[in-house]
Amino acid sequence: RKEVEQDPGPFNVPEGATVAFNCTYSNSASQSFFWYRQDCRKEPKLLMSVYSSGNEDGRFTAQLNRASQYISLLIRDSKLSDSATYLCVVNIGNFNKFYFGSGTKLNVKP
Amino acid sequence: EADIYQTPRYLVIGTGKKITLECSQTMGHDKMYWYQQDPGMELHLIHYSYGVNSTEKGDLSSESTVSRIRTEHFPLTLESARPSHTSQYLCASTQGADRGYQETQYFGPGTRLLVL
């Protein structure tokens with residue numbers, strides 16, 4: 001079983017739409033959670049960390065549900081520039097290793 | 001922004017050649033990582049290091065080797081390149097968890113390797 005599972009998509013949405021991605025993780029000892037963005041043929045870049053109480057950064061909102069072991073990312077008012085693959089990442093702290101989901105592809109259309 | 005560098009950015013080489021992919025970071029991060037990623041596929045951890053003179057194999061078996069003689073430098077070597085090694089190789093380092101911040105990972109721009 002994979003450590004981190006994501007719906008690969010693609011999610012095709014119009015500009016201005018609200019879109020949400022979920023991600024599940026299998027290890028209940030997971031301590032840190034992140035969303036990364038990866039553009040085609042580029043390196044992953046940190047979008048935001050995910051905190052237990054949930055957190056927001058502009059149009060992006062991340063939530064963590066430890067009981068159900070899932071993380072979500074909500075993007076409001078989608079822009080064309082939001083088109084990318086979004087990677088869910090989990091750190092099982094004691095081992096200092098980061099586990100990456102396979103990514104969810106988002107296409108924002110004009 | 002993270003200061004982590006990889007060279008070369010692109011490499012085309014023949015089968016059987018020895019290659020070294022360079023990775024350097026100027027942030028003083030102790031932990032460094034190498035990932036392999038094929039187009040459209042997920043990242044796979046192939047090596048990591050907790051600090052100088054520490055190296056560990058990752059979850060994906062790899063014929064490559066790494067060394068960590070200096071904090072800022074984490075090169076990856078393939079003794080004899082094969083077409084199956086064609087992939088993108090991404091180096092990363094980790095900002096430690098201090099002052100209440102989660103440990104976060106920063107990536108270099110990657111090296112695209114093509115073995116003919």
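Residues numbered from 1 in each chain as written. Chains lettered and ligands numbered in written order. Predicted model: local features only at pLDDT ≥ 70, side-chain atom pairs only at ≥ 80, totals over all residues. Heavy atoms only, no water.

*Asks:* Looking at this structure, I do not really get the interface of chain A and chain B. What am I missing?
*Replies:* Accessible area lost upon the coming together of the parts is a frequently used measure of interface size. The interface of chain A with chain B comprises 25 residues on the first partner and 22 residues on the second. Regarding the contact of chain A and chain B, the summed buried area is about 2,000 Å², with carbon and sulfur atoms giving 49% of it. On the chain A side of the interface with chain B, the three residues burying the most area are Asn96, Phe98 and Phe100 of chain A, jointly 28% of the side's total. Joining chain A to chain B, the criterion identifies two salt bridges. Across the salt bridge formed by Glu42 of chain B and Lys2 of chain A, the nearest N and O atoms sit 3.0 Å from each other. On inspection of chain A and its partner chain B, the count reaches five residue pairs in polar contact (both at pLDDT 80 or more). (Contact = heavy atoms within 4.5 Å. Buried area = accessible area lost by both parts, 1.4 Å probe. Salt bridge = Lys/Arg side-chain N within 4 Å of Asp/Glu carboxyl O. Polar contact = N/O pair within 3.5 Å; in protein donor to acceptor, adjacent residues only side chain to side chain.)

*Asks:* Any chance you could explain a nonpolar patch on the surface here in plain terms?
*Replies:* Together, Val12, Leu114 and Leu116 of chain B line one region of the surface with nonpolar side chains, adding up to about 290 Å² of accessible area. Its place among the elements puts Val12 of chain B in strand β2 (residues 10-13). (Patch = residues over 30% accessible without salt bridge, like charges linked within 9 Å, V, L, I, M, F, W, Y side chains within 5 Å. Areas by Shrake-Rupley, 256 points an atom, 1.4 Å probe, with all protein chains shown as cover. Helix = DSSP H or I, 4+ residues; strand = E, 2+ residues; numbered from the N terminus.)

*Asks:* It is not clear to me how the layout of surface pockets should be interpreted in this structure. Could you clarify?
*Replies:* Roughly 440 Å³ of internal volume is contained in the largest pocket. Along the wall of the largest pocket there are 23 residues; nearest its centre are Gln38, Cys40, Arg41 and Thr85 of chain A together with Gly40 of chain B. At the level of secondary structure, the elements contributing two or more residues to the lining of the largest pocket comprise β9 (84-92) and β11 (104-109) of chain A. Broken down by element, the lining of the largest pocket gets its largest block of residues, four residues, from β11 of chain A. Considered class by class, the residues forming the lining of the largest pocket number seven nonpolar, 10 polar and six charged. (1 Å grid on protein atoms, 1.4 Å probe; cavity = no way out; pocket = protein on both sides within 12 Å on 5 of 7 lines; lining within 4 Å. Points joined across faces, edges and corners; volume = space filled by probe spheres on them. Nonpolar A, V, L, I, M, F, W, Y, C, P; charged D, E, K, R; others polar.)

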